[in-house]
Amino acid sequence: MFLISYEYKGKKGWGVANPDKRVIYPANDIFGENTPNSLLGFIQDESTIKLDTYPERGLNMDQVKLLAPVSNPTRNIFCVGKNYLEHIIEIAKQDNTAQKPLEHPAFFSKATNTVIGTFDVIPSHEGITEQLDYEAELAVIIGKRGVNIPVEDAMDYVFGYTVLNDVTARDLQSNHLQWLKGKSLDGFCPMGPWIVTKDEISEPVELNISSKVNGEIRQESNTRHMIFDIPTLISILSQGMTLEPGDILATGTPSGVGKGFVPPKYLKKGDIVRVEVEKVGYIENIVK
């Protein structure tokens, strides 16, 4: 299923989307009046999703504002750096660092204030950063609580998938050594358009992923090229650290980021950034 968060006539809600018909069916009409108020609440309840038939009527998707599916995360977004070899190589050339794969995943986080919706505006933060960059990523939504999760059981903890743009201020990332500041300015995590539940995506998860800026293809790869796959990431992240339902794990970006070009192609005001993942969907945000 395609689970979506939205705003309609000034009120926030969530429900099930039918992308082909461009219709949203509000959660209360499907799951009953005791449905949690948010999609995050639904995930945190570890609810079982069963849907045999859709209601006769729904909301026109074009008449609602699409929010990030988890628009109010309770914890920072977990991210993975340097999880595609070609991305490691392009950054290494710029920074004059090692070009070999890492032995362990490079985990970092983005603060919750970064999250914005499918078509929301990315702030340029003029005067704060001059090196605004994009990173197309597949994000995993954790569906149940777990710690010390074995690799062979890791996919049991996946609720679904969404599209994420790990927007980055490269100069701040470099200046502050640790990545949190450069990754966590307001509006630096566009996400959407919905969560595609795990049953919709076959395993192993091998999906085309791309980004475009003003229609120009910048990134084009497949998640099969990740150095650490999804089960491995979940297992390692969970060692000694409990994962909670609703946690968001961004799995890394392929080559083609703005910093990787010579000269670099950083984002500027007016640029339109489209990030797309096969079988999941796309987000498109303008920089202002």
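Presented here is an overview of the structure given in this document.

## Considering the overall build of the protein chain
Step number 1: Broken down by element type, the protein chain carries six helices and 18 strands.
Step number 2: Whereas a compact globule of 288 residues would reach a radius of gyration of roughly 19 Å, the protein chain reaches 18 Å, a difference of no more than 12%.
Step number 3: Seen through its principal axes, the protein chain has C-alpha atoms that stretch 60 × 45 × 30 Å.
Step number 4: Burial statistics for the protein chain: of 288 residues in total, 54% are counted as buried.
Step number 5: For the protein chain, the share of sequence-separated contacts (at least 6 apart) that also reach a separation of at least 24 residues comes to 76%.
Step number 6: Here the protein chain contributes 29 positive and 38 negative side-chain charges, whose respective centroids are spaced 4 Å apart.

## Looking at the environment of Tyr54
Step number 1: Mapped onto the elements of the fold, Tyr54 is located in the loop between helix 2 (39-44) and strand 4 (59-60).
Step number 2: Owing to a relative accessible area of 40%, Tyr54 belongs among the partly exposed residues under this scheme.
Step number 3: Remark: the alpha-carbon pair of Tyr54 and Tyr25, spanning 29 residues in sequence, is separated by 7.5 Å.
Step number 4: Setting aside residues up to four positions removed in sequence, Tyr54 forms contacts with Val16 and Tyr25.

## A few points about the sheet that holds strand 17 (residues 272-277)
Step number 1: Pairing in this open sheet of four strands is antiparallel, and the strands run 15-14-17-18 from one edge to the other. Lying at the two open borders of the sheet, with one neighbouring strand each, are strand 15 (216-222) and strand 18 (281-286). Direction aside, the axes of adjacent strands within the sheet are offset by 10 degrees on average.
Step number 2: By the bridge criterion, six bridges tie strand 14 (residues 208-213) to strand 15 in an arrangement that is antiparallel. Within the sheet, the bridge partner assigned to Asn208 lies in strand 15 and is Asn222.

## Some remarks on the pattern of salt bridges
Step number 1: Going through the model one piece at a time under the given rule, you end up with 17 salt bridges.
Step number 2: Residue Arg170 is joined to Glu135 by a salt bridge in which the shortest nitrogen-to-oxygen separation is 2.7 Å. Remark: Glu135 occurs in the loop between strand 9 (132-133) and strand 10 (136-142) and Arg170 occurs in helix 4 (residues 170-175); sequence separation between them is 35 residues. Glu135 matches Arg170 in its accessibility class, with the two residues each being buried.
Step number 3: A salt bridge links Glu216 to Lys265, with the shortest nitrogen-to-oxygen separation between them at 2.9 Å. One end of the pair, Glu216, is in strand 15; the other, Lys265, is in the loop between strand 16 (248-250) and strand 17, and 49 residues separate them in sequence.
Step number 4: For Glu216, a relative accessible area of 33% gives the class partly exposed.
Step number 5: Connected through salt bridges with shared partners, the residues Lys110, Asp133, Glu135, Asp166, Arg170 and Lys183 form a single ionic network.

Rules behind the numbers
- Residues numbered from 1 in each chain as written.
- Predicted model: local features only at pLDDT ≥ 70, side-chain atom pairs only at ≥ 80, totals over all residues.
- Heavy atoms only, no water.
- Helix = DSSP H or I, 4+ residues; strand = E, 2+ residues; numbered from the N terminus.
- Rg over C-alpha atoms; globule rule 2.2 N^0.38 Å.
- Buried < 20%, exposed > 50% of the residue type's maximum accessible area, 1.4 Å probe, protein only.
- Contact = heavy atoms within 4.5 Å.
- Lys, Arg positive; Asp, Glu negative; His and termini not counted.
- Charge placed at Lys NZ, Arg CZ, Asp CG, Glu CD.
- Pairing = 2+ DSSP bridges.
- Axes fitted to C-alpha atoms, helices over the stretch in contact; angles between N-to-C directions.
- Salt bridge = Lys/Arg side-chain N within 4 Å of Asp/Glu carboxyl O.

Everything listed is a geometric property; what it means functionally is a separate question.
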